[in-house]
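Chain by chain, the residues run as shown.
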Amino acid sequence: MSKTRLVKAVFISVAFAAAVGIAVSAAPQSPPAVGDTAPAFTLKCVCGTNHSLAEFKGKIVVLEWTNPGCPVVQRHYKDGLMPAAQKAAREKGVVWLAVNSTDPGHGNYREPADLKTTYTGWQAAYAAQLMDADGATGLAYGAKTTPHIIVIDAQGKIAYNGAIDDDTSGNKTDRTNYALAAVDALIAGQPVAVTTTRPYGCSVKYK
Amino acid sequence: MKKRGTVPILLLLPAILILFASDARPSSLPSSPETPLKKVRLVVLDAGNPGPARVGVHVELAAGWHLYWVNPGEAGLAPNARWTLPAGFTAGPLRHPIPVRSIEDGIVSFEHRGEVLLLCDIAPPPTGWPAAPWKAAAVLEWMACRESCLTGETAVEAVVPPDTASLATGRSLLEKLAPRFPRPFSASGLTAGAARAEWTGAAWRVEIALSGPRAAEATDFFVYPVEDFVVDNAGVTCRGGRIVCPLIPSHGPGSPPPPAIAGVLIVDGVGYEISVPIGASHSYRIMEVTSCPKRDS
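Values in this document were obtained by computation on a predicted structure and should not be read as measured data.

Chemist: Which residues make up the overall build of chain B, and what are the values?
Modeler: Counting its secondary structure elements, chain B contains two helices and 20 strands. Looking at chain B as a whole, 35% of its 297 residues qualify as buried.

Given below as structure tokens:
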């Protein structure tokens, strides 16, 4: 092969590889499925400190997307359902993290201090509420609604993805809390019976 | 001695200050309560006897607001009616008009905008229709969204049979809004093969092949909720006479596909309601849908 042809071949190969690389990086990432590794994140809590998923390695983690401007979120907190679930999970050694992916330009956005006051008033019992203003973590997990629940097992794999419970209208007396059911199964070493449901609530107000 | 007359003026001072300050409040302060549902009423479309009575919850939405279809999509909640009827009467599910597909921030939802009519058939008790007029009452539970969302409940009622003028109003409304409801699939001139389901590792990829001269004119498919499955609405496609619908099983990867899939097929802008069996039988039988499936929960 002549030097000119070799240079040309190398150039074409590099250009092709670059094009493929760009195409791959530009393609939207599919959210992880149940059984996939939970995407890593580091986010600032409303209290001001950073938290990463890695620091909870070996523990069951519940992620709850939230927005206090959503009436479905308001119902779950004001009726005491969400705080009760958070408290029950905490007592079982589970780390419950609320994630707020609301765009700072949206009418539902609240500053961290305001969120802290509101959720304290609602008796929230999560470990932390994390600010995800650019929505990167929400999009990485495919969070659609507030509330939307992801349960991550102690091995860092997604074990449940979906609604907090089966009571869309708030009128049931014998509702099933899917997040707690998944947590209980994981603690007992049993398969999670319901791994995916349609989350219900307001859409996440992404940037 | 206290001067009479000064105290009332001092008491009024804060009110006067508030009056003058009210125009200067920032726009982020809560404004007056919004009313996404401008008008809600229950209309009698058919008094029944001998068949079921048909009523409709008629909603007029304020500009920019929407309600959700029976499958709301990836966010939202479908409206629900809690009925209060005479003993022995039973209300069927709400039948929805064809929705509008919306994609915002990558989130797919199916919406009703403007004027919405939700139909419901009411059956009499086994003893038959009463001789005297009876009352149908419902509480409509709704979630309406614009930039943000609101939820609420609205009570409506109607007497059946209605007076002549009310019945004429109902029939006129139905005549106006009937084109928004899906027609039977047999009216489309198409046929559909039995759906095939293929496991992709995370979901069942359900594929329906359409045939007929207008098969290529089928451009959209709105899937009804599938019990024990989550519809991957963003992955639903309808082109070239082929519908593809990914269904994620609620009970994990070992779950078999559902026995059937149903929804509204859009052909040349018109909606047709179909239900197609899925399974190993590979029968080429089309089931006409006679009632709406249960709402997703």
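Chemist: Tell me about the overall build of chain A, and name the residues and values.
Modeler: Scanning chain A from terminus to terminus reveals six helices and nine strands. Within the span of chain A, comprising 207 residues, buried residues form 41% of the whole. A separation of at least 24 residues holds for 75% of the contacts in chain A among residues at least 6 apart in sequence.

Chemist: I'd like to hear about the domain arrangement of chain B, residue by residue, with values.
Modeler: Residue and element names in this part refer to chain B. Assigned domains within chain B: domain 1 (37–181) and domain 2 (184–277). Between the C-alpha centres of domain 1 and domain 2 the distance comes to 26 Å. In this assembly, 10 residues from domain 1 lie in contact with 10 residues from domain 2. Among the secondary structure elements, those contributing two or more residues to the side of domain 1 that touches domain 2 are β3 (66–73) and β7 (107–113). With four residues, β3 is the largest single contributor of residues to the side of domain 1 that touches domain 2. Along the lines of polarity and charge, the residues of the side of domain 1 that touches domain 2 split into six nonpolar, two polar and two charged.

Chemist: Outline the packing of helix α3 (residues 81–91) of chain A against helix α6 (residues 178–188) of chain A, supporting the account with residue identities and numerical values.
Modeler: Residues and elements named next belong to chain A. Running from N to C, α3 and α6 cross one another at 10°; their axes reach a closest spacing of 10 Å. Between α3 and α6, the crossing angle belongs to the class labelled roughly parallel. Where α3 abuts α6, its residues Ala85, Ala88 and Ala89 lie against Ala179, Leu180 and Val183. Grouping the amino acids of the contact of α3 with α6 by side-chain chemistry returns six nonpolar, no polar and no charged.

Chemist: With reference to specific residues and values, describe the sheet that holds strand β19 (residues 260–267) of chain B.
Modeler: All names here are of chain B. Spatial ordering of the open sheet is given by β11-β20-β19-β15, a layout of four strands whose pairing is mixed. The sheet is open, and its two borders are formed by β11 (183–184) and β15 (218–223), each paired with just one other strand. Note: β19 against strand β20 (residues 270–277), eight bridges, orientation antiparallel. Among the inter-strand pairings, valine 267 is bridged to a residue of β20, identified as valine 270.

Chemist: Quick one: what's the story with the interface of chain B and chain A, residue by residue and with numbers?
Modeler: Tallying the contact residues gives 23 residues for chain B and 23 residues for chain A. The dominant element in the side of chain B that touches chain A, judged by the number of residues it contributes, is strand β10 (residues 149–160) of chain B, at three residues. When the residues that make up the side of chain B that touches chain A are grouped by side-chain class, the tally is 10 nonpolar, seven polar and six charged.

Chemist: Before we move on, could you go through α6 of chain A and cite the residues and values that matter?
Modeler: Residues and elements named next belong to chain A. Taken together, the buried positions of α6 are Tyr178, Ala179, Leu180, Ala182, Val183 and Leu186. Looking at the packing, one finds that the buried side of α6 touches β3 (61–65), α3, β7 (148–152) and β8 (158–162). One or two positions beyond α6, positive phi appears at glycine 189, with a value near 75°.

Chemist: Can you tell me about the sheet that holds β8 of chain A, naming the residues and giving the values?
Modeler: Residue and element names in this part refer to chain A. Strand order in this open sheet of seven strands is β2-β1-β5-β4-β3-β7-β8, and the pairing throughout is mixed. Unpaired on one side and paired on the other, β2 (50–52) and β8 mark the two borders of the sheet. Geometrically, the sheet is characterised by an average inter-axis angle of 30° between neighbouring strands, direction not taken into account. Here strand β4 (residues 95–100) runs beside strand β5 (residues 128–131); their pairing, made up of four bridges, is parallel. Following the sheet pairing, valine 99 is matched in β5 by leucine 130. Contacting β3, β7 and β8, α6 runs over the sheet at an angle of about 170° to β8.

Chemist: Give me unusual backbone geometry: which residues, what numbers.
Modeler: The omega torsion across threonine 146 of chain A and proline 147 of chain A is 0°, close enough to zero to call that bond cis. Note the cis peptide between asparagine 49 of chain B and proline 50 of chain B, where omega equals 15°. Looking at the element boundaries, proline 50 of chain B is found in the loop between β1 (37–46) and β2 (53–61). The backbone of asparagine 49 of chain B sits at a positive phi, close to 60°, despite the residue not being glycine. Residue position: asparagine 49 of chain B is located in the loop between β1 and β2. Owing to 13 C-beta atoms within 10 Å, asparagine 49 of chain B belongs among the partly exposed residues under this scheme. A positive phi angle is found at aspartate 268 of chain B, which is not glycine, with a value near 50°. Structurally, aspartate 268 of chain B is set in the loop between β19 and β20.

Chemist: How would you explain the confidence of the model for chain A if you had to name every residue and give the values?
Modeler: Model confidence for chain A is summarised by a mean pLDDT of 90, while 86% of its residues fall at 70 or above. Here residues 9–28 of chain A scores under 50 on pLDDT; set against residues more than four positions off or in separate chains, the count is zero contacts.

Chemist: With reference to specific residues and values, describe the nonpolar core.
Modeler: With 120 residues, the main nonpolar core has Val62, Val151, Ala179 and Val183 of chain A together with Val55 of chain B as its most contacted residues. Apart from the residues lying within four places of it in its own chain, the contact partners of valine 151 of chain A are Ile60, Val62, Ala159, Tyr160, Ala179, Ala182 and Val183 of chain A.

Chemist: So what about the confidence of the model for chain B? Which residues, and what values?
Modeler: Residue and element names in this part refer to chain B. Chain-level pLDDT for chain B is 86 on average; 83% of the residues reach the 70-or-more range. Counting interchain partners and residues more than four positions distant, the pLDDT-below-50 stretch residues 1–32 has zero contacts. Per-residue pLDDT stays below 50 along residues 281–297; that stretch engages in 41 contacts with residues further than four places along the chain or on separate chains. On the interface metric, ipTM, the complex scores 0.85, and its pTM is 0.85.

Calculation notes
- Residues numbered from 1 in each chain as written.
- Chains lettered and ligands numbered in written order.
- Predicted model: local features only at pLDDT ≥ 70, side-chain atom pairs only at ≥ 80, totals over all residues.
- Helix = DSSP H or I, 4+ residues; strand = E, 2+ residues; numbered from the N terminus.
- Buried ≥ 20, exposed ≤ 12 C-beta atoms within 10 Å, placed from the backbone.
- Contact = placed C-beta atoms within 7 Å.
- Domains from an automatic or database assignment.
- Nonpolar A, V, L, I, M, F, W, Y, C, P; charged D, E, K, R; others polar.
- Axes fitted to C-alpha atoms, helices over the stretch in contact; angles between N-to-C directions.
- Parallel < 35°, antiparallel > 145°, perpendicular 65-115°, else oblique.
- Pairing = 2+ DSSP bridges.
- pLDDT = per-residue confidence, 0-100.
- Core = buried A, V, L, I, M, F, W, Y, C linked by C-beta atoms within 7 Å.

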